Amino acid sequence: MPNLRPSSTTTKRRALPFFLASLFLFASALASLCLGAAGLSLQKLWAALLSGPDASAAARILWYARIPRTAACILAGAGLAVSGAVIQKVLNNSLASPSIIGINAGAGLAVAVCCALGVYAGWLVAGAAFAGALCATFLVVITARKSRASRTTVVLAGVAVTACLNAVTETIRTMVPDAALASQDFRVGGFHAVNQARLLPAGILILLAIAAVCTLTNELELLSLGDDTAHSLGMRVAPTRNLLLTLAALLAGASVSFAGLLGFVGLIVPHIARKLIGGESGRLIPFCAIAGAGFVTLCDLISRLIFAPYELPTGILLSFLGGPFFVWLLIKKRGSHSSD
Amino acid sequence: MIELKGLYASYDGAEILHGIDARFPKGKISVLCGPNGCGKSTTVKALLRLVPEVKGTILIEGTPLGSLSQSELARRVAYVPQSRNVPDITVYRLVMHGRFPYLSYPRRYRKEDHAHVREALKWLELEDLADRKLESLSGGQRQKAYMAMALAQDTDVIVLDEPTNFLDIRNQYELLARARAMTELGKTVVMILHDFELILHCADHVVLLGEGLVRASGGAREVLESSEMQRTFGVTPCFYETPDGVHCYVKP
């Protein structure tokens, strides 16, 4: 039986995955800062960090390109992975993720509308992306509840919502060519055009939302026990579920507002995290944040280097990984049960 | 003591309970029985405020249910549902959630909560399974884990909705022995059962429901022998005695 004070061996064993994930994140971030069209050695990197942004060409590359891009990868990876973990727990559906149930598409539509109106960065874009993500989330959840849908039907409702929202987005792009130019990065998702004006407000929202989710991990776990059990344990089920979905939409919306429609991060990372550390929310959420950040940073680095000097959008690489992963999950889930 | 007075309950406008009057004595095992769809689960869910449309009075030790906050209710009545999710967590973690009603935001579990959990695990002889994932357990072990969570909730009343479903015969009798032991701790146990032999074996008090109304209530043998039992189920319970006591079988 677990002791009140776990032994040092148990503590070390439980801390090891976090240490390895942090190491993975650190290594990915360091590689992301050093590698690219113009390579920076560790000495040059250190010198550029100390010298400030405008001291040399290397410093300008570091401060104006690599640091914002790496920060964007870290924030988007953490935001989308935590959003996916929350959605999967709240909907009790391991196939759900922000890209699959239409949340990213809602955020993408909102950003397209902003671009069509001539607003390309700042709090308004981040706020609109959040609002779009939130509307799509509740559209899917309410549709699923009204139709008393099964777990698979929730995913299908998400597919339908995604198709409708993407159709509206494409219409806006067709009707307003400027919006198409400004938001074409959003179609597949990537970081090559990221800038500080977009990153800062979204980054603040992501960090605040992750902190809020970390304080609600017990609630998250109670929801996975089922509504009746959660209610009988004294939890106000509907407001808590709505609050957590709102935070998930905030995380996905803010991430999409600067990274575009990056798919599958919210699906792949929580699954791998559960395999490594189990499903207890108190550990799963922070682990997803660290691992998601490292994973997206590494994917972005690979997409930069694999066909250098050409750059593959990160979203394409993620789709190459995520599509087969989703099919594998569908096959693996056949015949499995998550209730007695 | 739990008292239901003139209890009406509906789902989506369709009335399921048409004025239930019943009582569940303190420190005893009360069994709700009746044919499928007669309102047994709705009755126990009404006790937990899980039914949206309810009229009538429910008193828990004289306190109207409506006057209790959700946390207060969760500190008085624990519930083990018929259909249980199997989340990817350990037994210890599940049982720990029984302490949720005692915590306020941000709900960090305290030393005394861990002590309650250890006690509940010990009482249900689950110490060796504490670190095991729920999904790796048998149906009987999961049922015990959920009962341990209800016990850690430290309530006066424990409601079990068809707890013997999917359990083999040995686990069914073990569960009923646990329910009896819970009454010896002073708890009131309310459960739904279908099997007449099990009802005869464990119930102190039986409430027979039929079409959303109470058809009979009283001691187990009294209710099982009543003409209402035959009328409600359309079968005839028969009794025989052995040195172990009275037993029951059913003639179609």
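Please read these numbers as outputs of a predicted model, since none were measured by experiment.

Each helix and strand in chain B was counted, giving 9 helices and 12 strands. Computed over C-alpha atoms, the radius of gyration of chain B comes to 18 Å, within 12% of the 18 Å expected from 2.2 N^0.38 for 252 residues, which places it in the range of a compact globule. Sorting the 252 residues of chain B into buried and exposed places 46% on the buried side. Contacts spanning at least 24 positions in sequence make up 65% of the contacts within chain B whose residues lie at least 6 apart.

Moving on to the interface of chain A and chain B. The figure often quoted for interface size is the accessible area lost as the parts come together. With 26 residues of chain A in contact, the opposing surface of chain B contributes 32 residues. Those elements that provide at least two residues to the side of chain A that touches chain B are helix 9 (217-223) and helix 10 (227-232) of chain A. The greatest single-element share of the side of chain A that touches chain B, amounting to 4 residues, is contributed by helix 10 of chain A.

A few words now on the sheet that holds strand 5 (residues 63-64) of chain B. Residues and elements named next belong to chain B. Taken in spatial order, the 4 strands line up as 2-1-4-5 in an open sheet, and their pairing is antiparallel. Strand pairing shows two members of the sheet lacking a second neighbour, strand 2 (14-24) and strand 5, which therefore form its edges. Where strand 1 (residues 2-11) and strand 2 come together, 8 bridges link them in antiparallel fashion. The residue bridging I2 from the neighbouring strand is F24, located in strand 2.

Moving on, we come to the domain arrangement of chain A. Residues and elements named next belong to chain A. Taken domain by domain, chain A consists of domain 1 (92-187 + 195-261) and domain 2 (267-331). The distance between the C-alpha centroids of domain 1 and domain 2 comes to 18 Å. Counting residues at the interface gives 12 residues for domain 1 and 9 residues for domain 2. The residue makeup of the side of domain 1 that touches domain 2, split by class, is 7 nonpolar, 4 polar and 1 charged.

Before going further, it helps to spend a moment on the nonpolar core. Membership of the largest hydrophobic core comes to 186 residues, with the highest contact counts inside it found for V82(A), A129(A), C288(A), V95(B), A148(B), V159(B) and I199(B). Among the elements that take part in this core, helix 3 (residues 57-90) of chain A stands out by supplying 16 residues, more than any other. When we break this core down by domain, the ones giving at least three residues each are domain 1 (92-187 + 195-261) and domain 2 (267-331) of chain A. Apart from the residues lying within four places of it in its own chain, the contact partners of V82(A) are I210(A), V213(A), L251(A), I285(A), C288(A), A289(A) and G292(A).

Bringing unusual backbone geometry into the picture now. The linkage connecting Y105(B) with the following residue, P106(B), adopts the cis geometry, with an omega of 10°. Checked against the element boundaries, P106(B) lands in the loop between helix 3 (91-96) and helix 4 (111-123). With a phi angle near 55°, N92(A) is a residue other than glycine that sits in the positive phi range. Within the secondary structure layout, N92(A) lies in the loop between helix 3 and helix 4 (103-116). At R107(B), a position not held by glycine, the phi torsion is positive, near 55°. For R107(B), the location among the structural elements is in the loop between helix 3 and helix 4. C-beta crowding within 10 Å serves as the criterion here: with 18 such atoms nearby, R107(B) is assigned to the partly exposed category.

Its location among the elements puts Y11(B) in strand 1. A residue is classified by how many C-beta atoms lie within 10 Å of it, and Y11(B), with 12 of them, is exposed.

The next subject is the packing of helix 4 of chain B against helix 5 (residues 139-152) of chain B. Residue and element names in this part refer to chain B. Between helix 4 and helix 5, whose axes approach to 9 Å, the crossing angle comes to 135°. Comparing the axis directions of helix 4 and helix 5 gives the class oblique. Judged by the twist between their axes, the crossing of helix 4 over helix 5 is right-handed. Along its contact with helix 4, which presents H116, V117, A120, L121 and W123, the element helix 5 presents A148, L151 and A152. In terms of residue class, the contact of helix 4 with helix 5 is made up of 7 nonpolar, 1 polar and no charged.

All names here are of chain B. Strands sit in the order 6-7-8-3-9-10 across an open sheet of 6 strands; the sheet is mixed. The two strands at the open ends of the sheet, each matched to only one other strand, are strand 6 (77-80) and strand 10 (213-218). Within the sheet, the average angular offset between the axes of one strand and its neighbour, ignoring direction, is 15°. The pairing of strand 6 with strand 7 (residues 157-160) spans 4 bridges and is classified as parallel. When the sheet's bridge partners are listed, Y79 is paired in strand 7 with V159. Across the sheet, helix 1 (residues 40-47) lies against strand 3 (29-33), strand 6, strand 7, strand 8 (188-192) and strand 9 (205-210), angled at about 150° from strand 8, the strand it touches most. Those strands touched by helix 5 are strand 6 and strand 7, and its axis lies near 170° from that of strand 6.

Calculation rules
- Residues numbered from 1 in each chain as written.
- Chains lettered and ligands numbered in written order.
- Predicted model: local features only at pLDDT ≥ 70, side-chain atom pairs only at ≥ 80, totals over all residues.
- Helix = DSSP H or I, 4+ residues; strand = E, 2+ residues; numbered from the N terminus.
- Rg over C-alpha atoms; globule rule 2.2 N^0.38 Å.
- Buried ≥ 20, exposed ≤ 12 C-beta atoms within 10 Å, placed from the backbone.
- Contact = placed C-beta atoms within 7 Å.
- Pairing = 2+ DSSP bridges.
- Domains from an automatic or database assignment.
- Nonpolar A, V, L, I, M, F, W, Y, C, P; charged D, E, K, R; others polar.
- Core = buried A, V, L, I, M, F, W, Y, C linked by C-beta atoms within 7 Å.
- Axes fitted to C-alpha atoms, helices over the stretch in contact; angles between N-to-C directions.
- Parallel < 35°, antiparallel > 145°, perpendicular 65-115°, else oblique.
- Left-handed = near helix turned anticlockwise from the far one by under 90°.

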